[in-house]
Amino acid sequence: MIRTLSRSLAVTFVTLVAVPAAAQTPPVPAVHISPAEIAALLETAIAKSAVDQPIKSADVHGGKALVAMLHRDRAEAGALIHERVTETYYILHGSGTIVTGGTLGGTAKPTDLTRVGAGPSLSGERQGGDSRHVSPGDVIIIPAGTPHSFSTLDSPISYLVFRFDPGK
Ligand SMILES: [Zn+2]
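Report follows, based on the coordinates.

Here is what the cut-offs are and how they apply
- Residues numbered from 1 in each chain as written.
- Predicted model: local features only at pLDDT ≥ 70, side-chain atom pairs only at ≥ 80, totals over all residues.
- Pairing = 2+ DSSP bridges.
- Helix = DSSP H or I, 4+ residues; strand = E, 2+ residues; numbered from the N terminus.
- Axes fitted to C-alpha atoms, helices over the stretch in contact; angles between N-to-C directions.
- Contact = placed C-beta atoms within 7 Å.
- Buried ≥ 20, exposed ≤ 12 C-beta atoms within 10 Å, placed from the backbone.

For the rest of this paragraph, the subject is the sheet that holds strand S2 (residues 63-72). Taken in spatial order, the 5 strands make up an open sheet running S1-S2-S11-S4-S9, and their pairing is antiparallel. With partners counted over all chains shown, the strands left at the sheet margins are strand S1 (52-60) and strand S9 (139-142), one partner each. Neighbouring strand axes in the sheet, compared pairwise and without regard to direction, differ in orientation by 15° on average. Strand direction decides the pairing type here: S2 and strand S11 (residues 157-165), joined by 9 bridges, are antiparallel. Residue Met-69 lies in a different strand from S11, and its bridge partner there is Leu-160. This element, helix H3 (residues 35-48), spans S1, S2 and S11 of the sheet and lies at about 50° to S2.

This is the structure:
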């Protein structure tokens with residue numbers, strides 16, 4: 001009897017310990033962005049020359065996930081590095097050449113992009129790197145610490161940026 005009891009306690013203990021940690025964390029509600037919201041933000045971007053508009057975000061396990069609407073009328077003069085935020089671009093409209101990698105030349109200047117979810121960043125001159133021509137449907141993952149910028153545009157370009165900040 002005692003042996004059976006201690007065995008069932010042991011089973012209970014193992015069961016409790018074996019529950020994955022994620023199952024014990026309260027779930028974070030999902031966030032939805034509709035095509036209508038994206039279209040409305042794109043209209044604002046064009047009307048007000050708003051380059052970078054955060055749409056929605058969620059505090060998730062391990063950091064913060066954010067989606068932004070980006071719209072550029074002209075290429076970028078310099079390049080940017082985000083110290084800890086990794087970005088994924090999804091091109092919606094327009095086309096151009098994006099340069100990633102290389103180094104930041106000149107005097108790299110600290111730039112705080114926390115407001116748009118890109119966190120502590122550096123801006124400087126574009127030096128070296130890989131050039132890619134991108135158009136609607138293309139996806140580019142830009143790891144934290146990698147210089148990036150659009151060096152030329154064929155036309156105004158709009159893209160969704162998915163940002164993950166592990167420091168938030
Ligand atoms: Zn960026």
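The next subject is unusual backbone geometry. Here Ser-49, not a glycine, exhibits a phi torsion of approximately 50°, which is positive. Its place among the elements puts Ser-49 in the loop between H3 and S1.

Turning our attention to the environment of Pro-147. Position of Pro-147 among the secondary structure elements: in the loop between S9 and strand S10 (148-153). A count of 26 C-beta atoms within 10 Å places Pro-147 in the buried class. For the pair Pro-147 and Gly-129, spaced 18 residues apart in sequence, the C-alpha to C-alpha distance is 8.1 Å. If near-sequence neighbours (up to four positions away) are discounted, Pro-147 is found in contact with Ala-79, Leu-80, Ile-81, Thr-100, Gly-101, Gly-102, Thr-103, Leu-104, Arg-126 and Gly-129.

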